[in-house]
Amino acid sequence: MRLEPIFHDDIDELVRIDQECFDKSLTYDSSFFDKLLSGNQVSRKAVENDEIIGFVISVLRKKVAVIYTLDVRIQDRRRGVANKLIEWLEGGLRERACQEIILQTHVNNTGAINLFSKHGYGATKRIRDYYSKGMDAFEMRKTL
Ligand SMILES: CC(C)(COP(=O)(O)OP(=O)(O)OC[C@H]1O[C@@H](n2cnc3c(N)ncnc32)[C@H](O)[C@@H]1OP(=O)(O)O)[C@@H](O)C(=O)NCCC(=O)NCCS
(Lines give C-alpha, C1' and ligand atoms only; values in the text may rest on other atoms or scores of the structure.)
Protein backbone atom coordinates (compact mmCIF):
# COMPACT_ATOMS: atom_id res chain seq x y z
CA MET A 1 0.00 0.00 0.00
CA ARG A 2 1.25 3.48 -0.93
CA LEU A 3 0.06 6.90 0.19
CA GLU A 4 -0.21 9.43 -2.62
CA PRO A 5 -1.58 12.95 -3.21
CA ILE A 6 -5.23 13.20 -4.27
CA PHE A 7 -6.07 14.82 -7.61
CA HIS A 8 -9.32 16.15 -9.03
CA ASP A 9 -9.35 13.15 -11.42
CA ASP A 10 -9.84 10.92 -8.36
CA ILE A 11 -13.13 12.53 -7.36
CA ASP A 12 -15.48 10.00 -9.03
CA GLU A 13 -13.75 7.19 -7.13
CA LEU A 14 -13.80 9.17 -3.86
CA VAL A 15 -17.56 9.66 -4.26
CA ARG A 16 -18.03 5.93 -4.88
CA ILE A 17 -16.02 4.96 -1.79
CA ASP A 18 -17.80 7.60 0.33
CA GLN A 19 -21.15 6.09 -0.70
CA GLU A 20 -19.86 2.66 0.34
CA CYS A 21 -18.80 4.06 3.74
CA PHE A 22 -21.76 6.21 4.78
CA ASP A 23 -25.53 6.34 4.64
CA LYS A 24 -26.69 8.31 1.59
CA SER A 25 -27.78 11.26 3.75
CA LEU A 26 -24.20 11.69 5.02
CA THR A 27 -22.23 11.38 1.77
CA TYR A 28 -20.44 14.20 -0.05
CA ASP A 29 -21.10 14.86 -3.74
CA SER A 30 -18.47 15.52 -6.37
CA SER A 31 -18.82 19.30 -6.18
CA PHE A 32 -18.13 19.21 -2.43
CA PHE A 33 -14.99 17.09 -2.98
CA ASP A 34 -14.00 19.50 -5.73
CA LYS A 35 -14.35 22.41 -3.31
CA LEU A 36 -12.39 20.60 -0.57
CA LEU A 37 -9.54 19.75 -2.93
CA SER A 38 -9.38 23.34 -4.19
CA GLY A 39 -8.78 24.79 -0.74
CA ASN A 40 -5.86 24.65 1.68
CA GLN A 41 -6.21 20.90 2.03
CA VAL A 42 -3.87 18.31 3.43
CA SER A 43 -4.89 14.92 2.14
CA ARG A 44 -3.70 11.52 0.94
CA LYS A 45 -5.14 8.47 -0.75
CA ALA A 46 -4.06 4.91 0.04
CA VAL A 47 -3.45 2.98 -3.18
CA GLU A 48 -3.01 -0.75 -3.73
CA ASN A 49 -2.90 -2.56 -7.08
CA ASP A 50 -3.62 0.81 -8.76
CA GLU A 51 -6.91 1.16 -6.86
CA ILE A 52 -7.82 3.71 -4.20
CA ILE A 53 -8.62 1.76 -1.03
CA GLY A 54 -8.99 4.68 1.36
CA PHE A 55 -8.36 8.38 1.80
CA VAL A 56 -8.28 11.23 4.28
CA ILE A 57 -9.02 14.89 3.56
CA SER A 58 -8.42 17.72 5.99
CA VAL A 59 -8.56 21.46 5.53
CA LEU A 60 -6.11 23.71 7.38
CA ARG A 61 -7.20 27.17 8.50
CA LYS A 62 -4.47 29.08 10.29
CA LYS A 63 -3.30 26.63 12.96
CA VAL A 64 -6.38 24.39 13.12
CA ALA A 65 -7.17 21.50 10.77
CA VAL A 66 -10.59 19.93 10.28
CA ILE A 67 -10.75 16.33 9.08
CA TYR A 68 -13.67 16.30 6.65
CA THR A 69 -13.52 12.65 5.83
CA LEU A 70 -11.57 9.46 6.42
CA ASP A 71 -12.87 6.52 4.42
CA VAL A 72 -11.59 2.98 3.94
CA ARG A 73 -13.25 0.54 1.53
CA ILE A 74 -15.17 -2.20 3.35
CA GLN A 75 -13.00 -5.02 2.00
CA ASP A 76 -9.81 -3.28 3.14
CA ARG A 77 -10.77 -2.55 6.75
CA ARG A 78 -8.93 -3.67 9.90
CA ARG A 79 -5.62 -3.83 8.04
CA GLY A 80 -4.24 -0.59 9.45
CA VAL A 81 -5.08 1.62 6.44
CA ALA A 82 -6.74 4.31 8.61
CA ASN A 83 -3.84 4.14 11.09
CA LYS A 84 -1.39 4.89 8.26
CA LEU A 85 -3.51 7.73 6.86
CA ILE A 86 -3.82 9.37 10.30
CA GLU A 87 -0.09 9.01 11.03
CA TRP A 88 0.75 10.62 7.67
CA LEU A 89 -1.84 13.36 8.16
CA GLU A 90 -0.56 14.34 11.60
CA GLY A 91 3.02 14.48 10.27
CA GLY A 92 1.94 16.60 7.30
CA LEU A 93 -0.01 18.98 9.52
CA ARG A 94 2.86 19.33 12.01
CA GLU A 95 5.15 20.34 9.13
CA ARG A 96 2.63 23.08 8.31
CA ALA A 97 2.68 24.34 11.93
CA CYS A 98 -0.82 23.08 12.67
CA GLN A 99 -1.54 23.00 16.41
CA GLU A 100 -4.90 21.29 16.63
CA ILE A 101 -7.01 18.77 14.69
CA ILE A 102 -10.81 18.61 14.95
CA LEU A 103 -13.38 16.22 13.53
CA GLN A 104 -16.99 15.24 14.05
CA THR A 105 -18.26 11.71 14.07
CA HIS A 106 -21.67 10.13 14.64
CA VAL A 107 -22.14 9.15 18.30
CA ASN A 108 -22.80 5.52 17.24
CA ASN A 109 -19.71 5.25 15.01
CA THR A 110 -17.79 3.01 17.38
CA GLY A 111 -15.11 2.21 14.80
CA ALA A 112 -14.22 5.86 14.23
CA ILE A 113 -14.46 6.75 17.93
CA ASN A 114 -12.13 3.85 18.86
CA LEU A 115 -9.75 4.70 16.05
CA PHE A 116 -9.38 8.36 16.94
CA SER A 117 -9.28 7.68 20.70
CA LYS A 118 -6.40 5.30 20.07
CA HIS A 119 -4.58 8.14 18.30
CA GLY A 120 -5.07 10.49 21.26
CA TYR A 121 -8.21 12.39 20.19
CA GLY A 122 -10.69 13.21 22.94
CA ALA A 123 -14.45 13.78 22.60
CA THR A 124 -14.88 17.36 23.75
CA LYS A 125 -18.60 17.81 23.18
CA ARG A 126 -21.76 16.23 21.86
CA ILE A 127 -23.45 18.27 19.12
CA ARG A 128 -27.21 17.68 19.05
CA ASP A 129 -28.85 17.12 15.65
CA TYR A 130 -25.52 17.68 13.89
CA TYR A 131 -26.33 15.49 10.88
CA SER A 132 -30.12 15.77 11.03
CA LYS A 133 -32.83 15.65 13.69
CA GLY A 134 -31.91 12.98 16.25
CA MET A 135 -28.47 12.32 14.71
CA ASP A 136 -25.92 13.69 17.14
CA ALA A 137 -22.17 13.93 16.66
CA PHE A 138 -19.20 13.91 18.99
CA GLU A 139 -16.62 16.56 18.31
CA MET A 140 -13.15 15.05 18.79
CA ARG A 141 -9.94 17.06 19.10
CA LYS A 142 -6.22 16.49 19.38
CA THR A 143 -3.54 19.01 20.20
CA LEU A 144 -0.41 18.43 18.13
C1 LIG B 1 -13.39 3.97 10.73
C2 LIG B 1 -12.54 3.47 9.55
C3 LIG B 1 -11.94 4.66 8.81
C4 LIG B 1 -11.40 2.59 10.11
O5 LIG B 1 -10.55 2.19 9.02
P6 LIG B 1 -9.59 0.90 9.12
O7 LIG B 1 -8.58 1.01 8.04
O8 LIG B 1 -10.41 -0.32 9.16
O9 LIG B 1 -8.92 1.12 10.55
P10 LIG B 1 -7.57 0.41 11.06
O11 LIG B 1 -7.45 -0.97 10.51
O12 LIG B 1 -6.42 1.33 10.81
O13 LIG B 1 -7.90 0.31 12.62
C14 LIG B 1 -7.16 0.98 13.62
C15 LIG B 1 -7.89 0.86 14.94
O16 LIG B 1 -9.14 1.54 14.91
C17 LIG B 1 -10.11 0.84 15.71
N18 LIG B 1 -11.19 0.35 14.83
C19 LIG B 1 -11.24 0.40 13.48
N20 LIG B 1 -12.41 -0.11 13.03
C21 LIG B 1 -13.11 -0.49 14.12
C22 LIG B 1 -14.39 -1.09 14.31
N23 LIG B 1 -15.18 -1.39 13.28
N24 LIG B 1 -14.80 -1.33 15.58
C25 LIG B 1 -14.03 -1.02 16.63
N26 LIG B 1 -12.79 -0.46 16.53
C27 LIG B 1 -12.34 -0.21 15.28
C28 LIG B 1 -9.37 -0.31 16.34
O29 LIG B 1 -8.83 0.14 17.56
C30 LIG B 1 -8.27 -0.57 15.32
O31 LIG B 1 -7.15 -1.21 15.82
P32 LIG B 1 -7.13 -2.86 15.80
O33 LIG B 1 -7.49 -3.28 14.41
O34 LIG B 1 -5.71 -3.15 16.18
O35 LIG B 1 -8.14 -3.28 16.81
C36 LIG B 1 -13.38 2.58 8.58
O37 LIG B 1 -14.10 1.63 9.33
C38 LIG B 1 -14.37 3.37 7.74
O39 LIG B 1 -14.04 3.83 6.64
N40 LIG B 1 -15.60 3.53 8.26
C41 LIG B 1 -16.64 4.28 7.54
C42 LIG B 1 -16.29 5.73 7.42
C43 LIG B 1 -16.06 6.40 8.76
O44 LIG B 1 -16.78 6.18 9.73
N45 LIG B 1 -15.03 7.26 8.80
C46 LIG B 1 -14.67 8.03 9.98
C47 LIG B 1 -15.43 9.30 9.96
S48 LIG B 1 -14.97 10.37 11.28
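Small disclaimer: the values here were computed from a predicted structure and weren't measured. (Residues numbered from 1 in each chain as written. Predicted model: local features only at pLDDT ≥ 70, side-chain atom pairs only at ≥ 80, totals over all residues.)

### A look at the overall build of the protein
Scanning the protein from terminus to terminus reveals four helices and seven strands. Along the protein, helices (α) and strands (β) appear in the sequence β-α-α-β-β-β-α-β-α-β-β when read from the amino end. In terms of overall size, the protein behaves like a compact globule, its C-alpha atoms giving a radius of gyration of 14 Å where 144 residues would be expected to give roughly 15 Å. Considered along the principal axes of its C-alpha atoms, the protein spans approximately 40 × 35 × 30 Å. Across the 144 residues in the protein, those meeting the buried criterion constitute 24%. Counting contacts in the protein only where the partners sit at least 6 residues apart, residues at least 24 apart contribute 54% of the total. (Helix = DSSP H or I, 4+ residues; strand = E, 2+ residues; numbered from the N terminus. Rg over C-alpha atoms; globule rule 2.2 N^0.38 Å. Buried ≥ 20, exposed ≤ 12 C-beta atoms within 10 Å, placed from the backbone. Contact = placed C-beta atoms within 7 Å.)

### Considerations on the site of the ligand
Close contacts around the ligand come from 20 residues, with R77, A82, G111, N114 and L115 the closest. Mapped onto the shell around the ligand, the elements with two or more residues apiece are β4 (64–72), α3 (81–95), β5 (100–106) and α4 (110–118). The leading source of residues in the shell around the ligand is α4, at six residues. (Near = placed C-beta within 6 Å.)

### Quick notes on the sheet that holds strand β2 (residues 41–48)
In any sheet, the strands associate via hydrogen bonds between backbone groups, in a parallel or an antiparallel arrangement. The strand order across the open sheet built from seven strands is β1-β2-β3-β4-β5-β7-β6, with neighbouring strands paired in mixed fashion. Of all strands in the sheet, those bounded by a partner on one side alone are β1 (2–4) and β6 (122–132). Between one strand axis and the next, the sheet turns by 25° as a mean value, whatever way the strands run. Note that β1 and β2 share three bridges and pair antiparallel. Bridging from a neighbouring strand, E4 pairs with K45 of β2. (Pairing = 2+ DSSP bridges. Axes fitted to C-alpha atoms, helices over the stretch in contact; angles between N-to-C directions.)

### Comments concerning the environment of D10
With respect to the helices, strands and loops of the structure, D10 is situated in the loop between β1 and α1 (11–21). D10 sits 42 residues away from I52 along the chain, and the two C-alpha atoms are 8.6 Å apart. If we skip the residues at most four places from it in the chain, D10 touches K45 and I52.

### Brief notes about the nonpolar core
Judged by nonpolar contacts, the single largest core of 27 residues is most densely connected at V56 and L85. Of all the secondary structure elements, the ones that give two or more residues to this core are α1, β2, β3 (51–61), β4, α3, β5 and β7 (135–143). Sort the elements by how many residues they give to this core and α3 lands first, with six residues. Filtering out sequence-adjacent residues up to four positions away, L85 remains in contact with L3, R44, A46, G54, V56 and L70. (Core = buried A, V, L, I, M, F, W, Y, C linked by C-beta atoms within 7 Å.)

### Looking at the pairing of β4
Bridge analysis of β3 against β4 gives eight bridges, and the strand direction is antiparallel. Along β4, the bridge assignment pairs V56 with L70. If you look at the hairpin formed by β3 and β4, you'll find two residues sitting between the two strands, and K62 has a positive phi there, around 55°.

### Here we look at unusual backbone geometry
A negative phi angle is the norm for most residues apart from glycine, just as the trans form is the norm for most peptide bonds. In this structure, N49 takes a positive phi of about 50° despite not being glycine. Looking at N49, the number of C-beta atoms within 10 Å reads 6, which means it is exposed. A positive phi angle is found at D129, which is not glycine, with a value near 55°. Along the chain, D129 turns up in strand β6. The exposure class of D129 is exposed, given the 10 C-beta atoms found within 10 Å.

None of this, on its own, says anything about what the molecule does.
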